[in-house]
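# Residue-level structure breakdown
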Amino acid sequence: MKQLLLVDGSSYLYRAFHAMPDLRNRAGEPTGAIYGMVNMLKAFWSSDRTDGNAQLYLACVFDAPGKNFRDDWYNQYKANRAAMPDDLRLQIVDIYEVVQALGWPVLSVSGVEADDVIGTLATLAVDQGFDHVLISTGDKDMAQLVNDKVHLVNTMTRVLLDPPGVKEKFGVQPSQIVDYLSLMGDAVDNIPGVEKVGPKTSAKWITTYGSLEAVMAQAHEISGVVGKNLRQSLDWLPMAKKLLTIACQLDLSEQVPDWSVLKPKAPDTEKLKELYRRFEFKTWFQALGGIQAEPVNTSLQGDLFADCSETISLDNTDFSSDVASVVAVNATNLAENQVLQVHGLTLPLAQPNALFDHPTTTAAQLICELVNTRDDLQRLLEQLLQANLVCFDTETDSLDALAANLVGLAFATQAGQGFYIPIAHVQVDAQPQMSLKEILGVLTPWFTDASRPKLAQNAKFDLHVLATHGVTVAGLQHDTMLQSYVLEAHRPHNMDFLALRWINHKTMSYEEVVGKKPLQLSFNEVPIEVAAIYSAEDAEVTLRLHCALYPQLQQDERLLSVYRDIEMPSLAVLQRIEAYGVLIDAEKLRAQSHELSLRLQEIENQAYGMAGRQFNLNSPKQVGEVLFDQLRLPVVKKTAGGSHSTSEEVLTQLAENYSLPKLLLEHRSLSKLKNTYTDKLPTMIRPSTGRVHTHYAQAVAVTGRLTSNDPNLQNIPIRTPEGRRVRAAFIASADHVIVSADYSQIELRIMAHISNDQALCAAFASGEDVHRATASEIFGLPLTQVTAEQRRTAKVINFGLIYGMSAFGLAANLGITRQAARLYIDRYFMRYPGVARYMEEIREQAKAQQYVETVFGRRLWLPEINSANGPRRAAAERAAINAPMQGTAADLIKKAMIAIDGKILAQGLRSRMVMQVHDEVVLEVPNSELTELTSILHEAMTGQAWLQVPLEINIGVGSNWDEAH
């Protein structure tokens, strides 16, 4: 077989540019279109649409700069097109270069368009006996080229267009596409059609009469406004068809003298590495065997970090082959620039490869010392006691910190050196001489000494592991994950990423050590020599990361305060909440689960009756078939793949007029509640405590909010009876009560403070119902005459606008016209001009610096605030308005939790925080401490910030969470 793959490069680059976020390298060069282009080319070539045994030819075709022959025919051709965005223009040369380096021949022919080059090559290939031509494009004009051997594919939607596909999509045959488009016109290319004629009318006319010429000949038969418009367009339509027809008989003998020019070339690996390094496409770069080198900030501040600046250099030393053989079997799997020290002998495990020639990059070797004798352990302890700062790390046999067994411990006290204590490896020929009890007996005094500064990456995990082994760590001063989170919340915070970004280091990945699932080893099965290198590297890299990250925080006192006074203290509080857990009534949940099963079955039977057949209510495909193909409900939205969307948004809109979508929404809601909570929670009770223990992720949400998972306790509905029943299963132990405390209208209060709007501040200061006050202004009524419905409308506006809701969104939410919504918004801003001013100023501030800040100084990054992609930019602008409020609320609740926890510990109370849910804290309190605890909550939650409006909290008490909230 002979196959030809053709890519509409001009279509690709525009689509890539608008689809991707505003990516840039460190030099500030835009790279989004390049990244998207490479992704699309890779997807096309590996799409399994080509025969592996075929003779393959390919080309990526771009429009040439300057005019083409269509401009001579019609001087308004494409006259309405905006100039190419500057950020895209800057990437064009690089796109050509990277496409060629990938092995794609590139074509660009002056005086013609890419469509014409593609059409000519496709026609020529079919004429010369090619079996298949596949064109990748998003341009509907190309459908005129489709025949039995020429097909189109859209790599974004993965839709393949063959002749039946064209008929299904457009309603006409491929040979009729030009006629069909001529009647419609092409707004993108500024080619007029017949006014008020769209796809349906055009397809109907072409199907009825057969061709454009036949439609024109019978124009006198077509009645109505469109018939009149058609008759007025008769003189123009031949030119429209001429402009829309792809030229398929160009002379390309100069560009393609024979097909060998279009044979794919082997990728130029070195060129790609050079380009990927410059663009900072790290994953692709590393896949080609590169190690990303980036500038390292080696400046250090404070005596605490003096040891971090040391670099170990080793002489070339001969080692006995018998000792070296201990680790030789694993050497090929280990990272570069690492050595292992066993009983004082330093073993090179790999030859160092030179990094890129970068003036600030140095390659340091890592010495890993195995600590497996009592003498080794004593020497390690001496180093720990002498060090200004020590990084520690635990290795375990599970990612469940509360159930994990300790497999090993790693330490680092200076750059270039790490220690590993093997504890529970199954390797039979290298068992340590010390038991876990003996090891912890030596190290516990150091771990529990608050005067010994300690450091870790994701320290909460390590605190849990050590606590379950009887060791309560004190003196934890730093966590590199949290340092990264405060500096750049919008980026990843795992060690592999941080090491590449901040210290030019490619770490050994966890999968390199334990393998990939399903054959993955438990860490205790990893050979000790491999585990030692991996673990010691983790500790040593964390120490070096601290030396790079912490000085960045020290340069900004507000950022440093967020890290030092909010995030680090929160870590310890969250560890105690997670370890204590929350008590649940498993029998109550099981009973509810049974009732939900009966209701779900009832809903399914009702749905079958409405549909006239059985179908899977959990299958979007089958639901779409029933709603849109069978019942012919109006199509609201389509997915990226072109199928009918059955999203919650779509079903909610349809549910206003149809019964089945409403039933489907109820089924989804109850199924989620059953599967996520009533079925699952009883199985998550930990036998050792009799409680459920969630995990609070501290470094995920860019606003600073905590997220809860395994299980997620923050998404249990509160507005539905079924959700409240789940909450009622969260109970207090004997002689205790559940106490819930949450902030009242916290984000609106923060908006009043940040915007300094006098009317909004006055409403809160006087204790007015702010929603009723807003309704009074919007509807022009005295406060006493505002109805409950008008107050609800004002509440939607108050909260909607601080989330950046538009008139369109407000209209949809309230079920009113867009004009009415616009009027409400205008009246709102007349009432609160300071809010309007704040929104405009914060947008401009965000565009200038790419971040906004909370009241406490947390930076909330908005990398797409200047994106060329309109929807992405608009979303970032909405986030710019709301993020300072969400972020400040997140900071407030964390500061309150720190204060509450501190009071409980200082006063030796038995009360315990058991959950944190958005702006709410939930505690389990002995009856005897209720009065004291209520006073602590009020003082701690209202005293964490001075705002221009008072902070108010709601405190509830009950035997379960539902009663308390």
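Reading the values: the criteria
Residues numbered from 1 in each chain as written. Predicted model: local features only at pLDDT ≥ 70, side-chain atom pairs only at ≥ 80, totals over all residues. Heavy atoms only, no water. Salt bridge = Lys/Arg side-chain N within 4 Å of Asp/Glu carboxyl O. Buried < 20%, exposed > 50% of the residue type's maximum accessible area, 1.4 Å probe, protein only. Helix = DSSP H or I, 4+ residues; strand = E, 2+ residues; numbered from the N terminus. Pairing = 2+ DSSP bridges. Axes fitted to C-alpha atoms, helices over the stretch in contact; angles between N-to-C directions. Parallel < 35°, antiparallel > 145°, perpendicular 65-115°, else oblique. Left-handed = near helix turned anticlockwise from the far one by under 90°. Contact = heavy atoms within 4.5 Å. Nonpolar A, V, L, I, M, F, W, Y, C, P; charged D, E, K, R; others polar. Core = buried A, V, L, I, M, F, W, Y, C linked by side-chain atoms within 4.5 Å. Phe/Tyr/Trp six-rings, centres within 6.5 Å; stacked < 30°, edge-to-face > 60°. Lys NZ or Arg CZ within 6 Å of the ring centre and 35° of its normal. pLDDT = per-residue confidence, 0-100. 1 Å grid on protein atoms, 1.4 Å probe; cavity = no way out; pocket = protein on both sides within 12 Å on 5 of 7 lines; lining within 4 Å. Points joined across faces, edges and corners; volume = space filled by probe spheres on them. Polar contact = N/O pair within 3.5 Å; in protein donor to acceptor, adjacent residues only side chain to side chain.

### Here we look at the pattern of salt bridges
All chains considered together, the criterion is met by 46 salt bridges. The salt bridge partner of Lys674 is Asp679, with a shortest N-O separation of 2.8 Å. With relative accessibility at 14%, the residue Lys674 sits in the buried group. With relative accessibility at 31%, the residue Asp679 sits in the partly exposed group. The salt bridge involving Arg872 is made with Glu864; its shortest N-O contact spans 3.2 Å. Overall, the relative accessible area of 29% leaves Arg872 in the partly exposed class. The exposure class of Glu864 is buried, given its relative accessible area of 18%.

### Re the pairing of strand 19 (residues 736-743)
Within strand 19, 8 of the 8 residues are buried, leaving the element largely enclosed by the surrounding structure. Every second residue of strand 19 is oriented toward a common face, with His736, Ile738, Ser740 and Asp742 on one face and Val737, Val739, Ala741 and Tyr743 on the other, all of them buried. Looking at chain direction, strand 19 and strand 23 (residues 920-926) are connected through 7 bridges and run antiparallel. Of the residues in strand 23, the one forming a bridge with His736 is Pro926.

### A word on the packing of helix 7 (residues 177-184) against helix 11 (residues 237-244)
Remark: helix 7 packs on helix 11, axes separated minimally by 9 Å, with the N-to-C direction vectors making an angle of 125°. Classified by the interaxial angle, the pair formed by helix 7 and helix 11 is oblique. As helix 7 runs across helix 11, the sense of the crossing is right-handed. Residues Val178, Asp179, Leu181, Ser182 and Leu183 of helix 7 form the contact with helix 11, whose participating residues are Leu237, Ala240, Lys241 and Leu244. Within the contact of helix 7 with helix 11, the residues separate by chemical class into 6 nonpolar, 1 polar and 2 charged.

### Regarding the nonpolar core
Membership of the largest hydrophobic core comes to 90 residues, with the highest contact counts inside it found for Phe730, Tyr743, Ile900, Met915, Val921, Leu923 and Met941. Apart from the residues lying within four places of it in its own chain, the contact partners of Val921 are Val739, Ser740, Ala741, Ile893, Met897, Ile900, Met913, Met915, Gln916, Leu937 and Met941. Ranked by size, the runner-up nonpolar core spans 55 residues in total, among them Ile118, Ala143, Ile206 and Leu212.

### Topic: unusual backbone geometry
For residues besides glycine, phi is generally negative; the peptide bonds are generally trans as well. Asp710 connects to Pro711 through a cis peptide bond whose omega is 0°. Residue placement: Pro711 occurs in the loop between strand 17 (707-709) and helix 27 (721-728). A positive phi is found at Lys78, a non-glycine position, where the angle reads about 55°. Secondary-structure assignment places Lys78 in the loop between helix 3 (69-73) and helix 4 (86-101). The phi angle at Asp710 is positive, at roughly 55°, despite the residue not being glycine. One can find Asp710 in the loop between strand 17 and helix 27. Take Asp710: its relative accessible area is 53%, and that puts it in the exposed class.

### Quick word on the sheet that holds strand 3 (residues 106-107)
Ordered in space as 3-2-1-4-5-6, the 6 strands form an open sheet in which the pairing is mixed. The open sheet is flanked by strand 3 and strand 6 (159-161), the only strands paired with a single partner.

### As for the sheet that holds strand 22 (residues 912-917)
Ordered in space as 22-23-19-24, the 4 strands form an open sheet in which the pairing is antiparallel. Here the strands that pair on one side only, and so sit at the sheet edges, are strand 22 and strand 24 (953-958). Across this sheet, the average inter-strand angle for adjacent strands is 20°, counted without regard to direction. Direction of pairing for strand 22 relative to strand 23: antiparallel, over a ladder of 5 bridges. Each bridged residue has a counterpart across the sheet, and for Met915 the counterpart in strand 23 is Val922. Of the strands in this sheet, strand 22 and strand 23 are in contact with helix 22 (residues 557-580), which crosses strand 22 at around 105°.

### Side note on the packing of aromatic side chains
All told, the structure shown has 27 aromatic pairs when counted by the stated rule. Their ring planes at 65° and their centres at 5.1 Å tell us that Trp446 and Phe447 sit as a pair that is edge-to-face. The exposure class assigned to Trp446 is buried, which follows from its relative accessible area of 2%. Pairwise contacts between aromatic rings join Tyr35, Tyr276, Phe279, Phe281 and Trp284 into one cluster. Taking the ring centre of Tyr57 as reference, the NZ or CZ of Lys263 above it sits at 5.0 Å. Taking the ring centre of Trp961 as reference, the NZ or CZ of Arg727 above it sits at 4.0 Å.

### What to know about the confidence of the model for the protein
Residue-level pLDDT values for the protein average 86, and 90% of them are 70 or greater. Predicted confidence in the protein is weakest over helix 14 (residues 321-328), with a mean pLDDT of 25, and strongest over strand 23, with 98. When the criterion is pLDDT under 50, residues 292-364 qualifies, and its contacts beyond four places in sequence or with other chains add up to 147 contacts.

### What about empty space enclosed by the protein?
Evaluation of the coordinates by the stated rule reveals 4 cavities of 30 Å³ or more. Reported here for the largest cavity is a volume of approximately 90 Å³. Lining the largest cavity we find 14 residues, and of these Phe17, Pro21, Asp22, Asp87 and Ala868 sit closest to its centre. Every element with two or more residues in the lining of the largest cavity is listed here: helix 2 (32-45) and helix 4. Of the residues that constitute the lining of the largest cavity, the class distribution is 7 nonpolar, 5 polar and 2 charged.

### Some remarks on the layout of surface pockets
Taken as a whole, the second largest pocket holds about 1,300 Å³ of empty space. If you go around the second largest pocket, you meet 47 residues; those closest to its centre are Ser398, Leu399, Gln457, Asn458 and Phe461. When residues of the lining of the second largest pocket are traced back to their parent elements, those giving at least two are strand 10 (390-396), helix 17 (459-468), helix 19 (495-503), helix 21 (528-554), helix 22 and strand 16 (695-697). For the lining of the second largest pocket, the leading source of residues is strand 10, giving 6 residues.

### Topic: the environment of Asp139
Position of Asp139 among the secondary structure elements: in the loop between strand 4 (132-136) and strand 5 (150-154). What makes Asp139 partly exposed here is its relative accessible area of 22%. Counting along the chain gives 95 residues from Asp139 to Phe44, while the straight-line C-alpha distance between them is 16 Å. A distance of 2.9 Å separates a polar side-chain atom of Asp139 from the backbone nitrogen of Asp141.

### Some thoughts on helix 19
Of all 9 residues making up helix 19, 7 are buried, and the element is well covered by its neighbours. Tucked into the core, helix 19 has its buried residues touching helix 13 (282-287), helix 18 (480-487) and helix 21. Its side-chain oxygen placed 3.3 Å from the backbone nitrogen of Asp496, Asn494 serves as the N-cap of helix 19. Immediately downstream of helix 19, the backbone of Asn504 shows phi near 65°, a positive value.

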